[in-house]
Amino acid sequence: MRKVALFPFRGEALCFVHVMLNALDLHARGCDVRLVLEGASVTLVPQLADPASEFHPLYSRLKASGVLDGACKACSTKLGVAEAVRAEGIALIGSMGGHPALGEYLDRGYEIITF
């Protein structure tokens, strides 16, 4: 089984839509997909969690798929969205000084794709 870890860094909703679509597509194709929110992408959580957001249905599908592995603890804290991330049930991860370690995903056999 192909293993892919997606790490979006940008905080632009339209860019993140492509990450969500690709994560769901890869998952549907049988890949073991892990999506980790990094950098400014963590700030999208409150917007996407809002049922009035045009991207909420896609975000809901993403969450239900189980591919959302977590969000950067340091970035979520620094950018003021840690509570919103926690409220969504998204794990705050950061074994590398508060940031997710790409090496941990590589060690587990994941290909890394950044956005």
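Refer to the structure printed above.
Rules and cut-offs
- Residues numbered from 1 in each chain as written.
- Predicted model: local features only at pLDDT ≥ 70, side-chain atom pairs only at ≥ 80, totals over all residues.
- Heavy atoms only, no water.
- Helix = DSSP H or I, 4+ residues; strand = E, 2+ residues; numbered from the N terminus.
- Contact = heavy atoms within 4.5 Å.
- Disulfide = S-S within 2.5 Å.
- Buried < 20%, exposed > 50% of the residue type's maximum accessible area, 1.4 Å probe, protein only.
- Pairing = 2+ DSSP bridges.
- Axes fitted to C-alpha atoms, helices over the stretch in contact; angles between N-to-C directions.
- Core = buried A, V, L, I, M, F, W, Y, C linked by side-chain atoms within 4.5 Å.

Take D32: it is sitting in strand β2 (residues 32–37). Those residues in contact with D32 that lie beyond four places of it in its chain are M1, R2, K3, V4 and Y110.

What follows is about the state of the cysteines. For the structure on display, the rule yields zero disulfides. Sulfur of C15: no disulfide; nearest cysteine sulfur belongs to C75 and is 17 Å away. Its relative accessible area of 29% is what places C15 among the partly exposed residues. Cysteine C75 shares no disulfide, and the gap to the nearest cysteine sulfur, in C72, comes to 3.5 Å.

Looking now at the sheet that holds β2. Read from one edge of the open sheet, five strands run β4-β3-β2-β1-β5, paired in parallel fashion. Each of the sheet's edge strands pairs with one partner strand only, and the pair in question is β4 (92–93) and β5 (111–114). Across the sheet, helix α1 (residues 13–28) lies against β1 (3–7) and β2, angled at about 160° from β2, the strand it touches most.

Before going further, it helps to examine the environment of K73. By secondary structure assignment, the location of K73 is in helix α4 (residues 73–78). On the basis of relative accessibility, which here comes to 43%, the residue K73 falls in the partly exposed class. In this structure the C-alpha to C-alpha distance between K73 and E38, which are 35 residues apart in sequence, comes to 8.8 Å. Every residue in contact with K73, bar those within four places of it in the chain, is listed here: L92, I93 and G98.

Looking now at the nonpolar core. Ranked by size, the top nonpolar core spans 30 residues in total, and within it F16, M20, L35 and L37 carry the most contacts. In terms of residues, this core owes the most to one element, α1, which gives seven residues. When near neighbours in sequence (up to four residues on either side) are disregarded, F16 contacts P8, L35, L37, L44 and L48. Core analysis: the second largest hydrophobic core is formed by five residues, A5, F7, V36 and Y105 among them.

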